[in-house]
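# Geometric and topological summary
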There are 2 protein chains.
Amino acid sequence: MSQIYTRIALIGLGLVAGSLSLATRRAGLAAETVGTSRSPETRAIAREINLVDRVTDTAAEAVKDADLVVLCVPVGAMEAVTKEIAPHLAEGATVTDVGSVKRDVIAQVAPHLPKGVHFIPGHPLAGTEHSGPRSGFAELFDNRYTILTPPPETDPDAVARLRAYWEGCGALVEVMEPDHHDLVLAVTSHTPHLIAYTMVGVADDLRRVTDSEVIKYSAAGFRDFTRIAASDPTMWRDVFLTNKDATLEILGRFTEELFALQRAIRTGDGAHLHDYFTRTRAIRRGIIEAGQDTDAPDFGRVGQRKEGPGE
Amino acid sequence: MSQIYTRIALIGLGLVAGSLSLATRRAGLAAETVGTSRSPETRAIAREINLVDRVTDTAAEAVKDADLVVLCVPVGAMEAVTKEIAPHLAEGATVTDVGSVKRDVIAQVAPHLPKGVHFIPGHPLAGTEHSGPRSGFAELFDNRYTILTPPPETDPDAVARLRAYWEGCGALVEVMEPDHHDLVLAVTSHTPHLIAYTMVGVADDLRRVTDSEVIKYSAAGFRDFTRIAASDPTMWRDVFLTNKDATLEILGRFTEELFALQRAIRTGDGAHLHDYFTRTRAIRRGIIEAGQDTDAPDFGRVGQRKEGPGE
């Protein structure tokens, strides 16, 4: 893979930024990666483990002469960090982000950027439940979708270049409208996360079932929920606050359906339950056929492994 | 491992029965395993792949001279199968089951068993989303809990023998009251399954997000739900119909908590969300420390693998 940018500035040094730096190096996509974090501790760790080529103390320094700037901060911090870097951006630079919500991020970032800078919002659909500067790995984006939501007037060359960069990091790239992105993610990610958090919270609250029982007997379904519910609290708080409309819409649909199933249980309507449970199998088959999961029966098993190094 | 039973009869030849037969052979726990299924097709497959030592056409034949009989049929079929085998059970035999619900199974099975037979209800907390005679593998129970719920008057030697058998199959064994079992499982398994089924159903219904989008962008949370929601519909229908009280209780708690989080999103109460999401991380750590899952960051990754052969 050949070099696509000269200098990439990563603002924030968590899971996604760290993985981007390692994926950039793996494929030789930039001459230099520069990174920064508000936290002195995070910056020290990043230096210690050589996470990026150069760590700067401020975001303003990091973006100097960068032709790609990637905002890797929680969605709630996008506006503040944009104001900080705006005066220091190079003419012709591309600014992108990795936020899980797109309409709100555009509203926070776009108004503060100078003319001559290309703003191409993005979202890699890749993550783990781990966070922080030590959590990154080069394979994070491999075979995962990254969605770009450029405004209609965006320079097509800048979009093509950013697409090539993400593909160089291993990702499959799609372009989408921001509002549609937010709705799709409310279904496939945001609402499932809220539900998982809720279920784990209920288990933790229940006095008659002890935490140790929940932990010991978590094999059969709940374990997957706890994995989801271990994700970064700040990131997810910001997701729900900034994708409020779509999340509340999907939550409304969810509770409506849940009440219908609850009524079927209460009234003993086995046919309704069986029909519903049969229908949901088809979606699973589609996901496996699309290569987004394996068919290996690891559900409930100890010893799941990802391919690649990450431990 | 030495032989614990002379002849084990497996009634039903699905995932759990097949895995039991293979685990029994692996450790030499019985001189012979006999199996049967109502379905001629299932019996033919079991013969073809040598799943048990001998396949019989009827449950009555299967239990003849067996010193252990394991009911591996859906919870809703327990009473019918018990009536069928009861006249043919050997004096001193142990009858157990693998149903996900215990109070209801006891009510179905116990009244029909002859004197001189030990009834020790059981439930291995192990499964995959696959079902049928080809889905079994010897490692299914390794390091997983099997819960036994013997009535207080049960012969302790019969319980000890069944415990030794399950341990020989790789399981960790615990004894519990049936009602407590049903409540614990409502929290750790039954309600999470219902929620996952519901969320996948909502995604499938939503007209503005296509099924192909749900499938493509399922990386981030939803994918785990689809795996859960691919489980056997008949088994799960029966679970909800027979563990109605505990499931409805936990569902009530769940919707209460969900409404509180929904209100926090609507009113923009970020502190409430952040506190809630922080608390749920602790449970996850407990599960990993208890050895019931790994800490590998495979969440959202292609290429999950279980240890052992199963494909």
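Here the structure is a predicted model, which is why all the values come from computation and not from measurement.

The subject of this paragraph is the overall build of chain A. Regarding its fold elements, chain A presents 12 helices and nine strands. Here the C-alpha atoms of chain A give a radius of gyration of 21 Å, agreeing with the 19 Å that 2.2 N^0.38 yields for 311 residues. Out of the 311 residues in chain A, the part that is buried amounts to 58%. A separation of at least 24 residues holds for 74% of the contacts in chain A among residues at least 6 apart in sequence.

Glancing now at the sheet that holds strand 8 (residues 145-148) of chain B. Residues and elements named next belong to chain B. The sheet built from three strands is open, its strands ordered 7-8-9 with mixed pairing. With partners counted over all chains shown, the strands left at the sheet margins are strand 7 (122-124) and strand 9 (172-175), one partner each. Geometrically, the sheet is characterised by an average inter-axis angle of 20° between neighbouring strands, direction not taken into account. Strand direction decides the pairing type here: strand 8 and strand 9, joined by four bridges, are parallel. Paired with Thr146 across the bridge in strand 9 is Val173. Helix 6 (residues 156-168) contacts strand 8 and strand 9 of the sheet and is inclined by roughly 165° relative to strand 8.

Residues and elements named next belong to chain B. Of all seven residues in strand 1 (residues 5-11), six are buried; the element is thus mostly enclosed. When strand 1 meets strand 2 (residues 30-36), the two strands line up parallel, connected through six bridges. By the bridge assignment, Arg7 is partnered in strand 2 with Glu32. As a crossover connection, the stretch from strand 1 through helix 1 (residues 15-27) into strand 2 is right-handed. Pairing of strand 1 with strand 4 (residues 68-71), which is carried by four bridges, proceeds in the parallel orientation. Paired with Leu10 across the bridge in strand 4 is Val70.

So, on to the domain arrangement of chain A. Residues and elements named next belong to chain A. Per the domain assignment, the segments of chain A are domain 1 (5-176) and domain 2 (180-289). Between domain 1 and domain 2, the contact holds 14 residues from the first and 15 residues from the second. Of the residues belonging to the side of domain 1 that touches domain 2, the class tally is five nonpolar, five polar and four charged.

As a packed pair, helix 7 (residues 178-205) of chain A and helix 11 (residues 244-267) of chain B sit with axes 9 Å apart at the nearest point and diverge in direction by 125°. As the angle between them shows, helix 7 of chain A and helix 11 of chain B are arranged oblique. The handedness of the crossing between helix 7 of chain A and helix 11 of chain B is right-handed. Residue-level inspection shows Leu194, Thr198, Met199, Gly201 and Val202 of chain A of helix 7 of chain A in contact with helix 11 of chain B, the latter providing Ile250, Arg253, Phe254, Glu257, Leu258 and Leu261 of chain B.

What counts, and where the lines are drawn
Residues numbered from 1 in each chain as written. Chains lettered and ligands numbered in written order. Predicted model: local features only at pLDDT ≥ 70, side-chain atom pairs only at ≥ 80, totals over all residues. Helix = DSSP H or I, 4+ residues; strand = E, 2+ residues; numbered from the N terminus. Rg over C-alpha atoms; globule rule 2.2 N^0.38 Å. Buried ≥ 20, exposed ≤ 12 C-beta atoms within 10 Å, placed from the backbone. Contact = placed C-beta atoms within 7 Å. Pairing = 2+ DSSP bridges. Axes fitted to C-alpha atoms, helices over the stretch in contact; angles between N-to-C directions. Right-handed = clockwise from strand over helix to strand, strands pointing away. Domains from an automatic or database assignment. Nonpolar A, V, L, I, M, F, W, Y, C, P; charged D, E, K, R; others polar. Parallel < 35°, antiparallel > 145°, perpendicular 65-115°, else oblique. Left-handed = near helix turned anticlockwise from the far one by under 90°.

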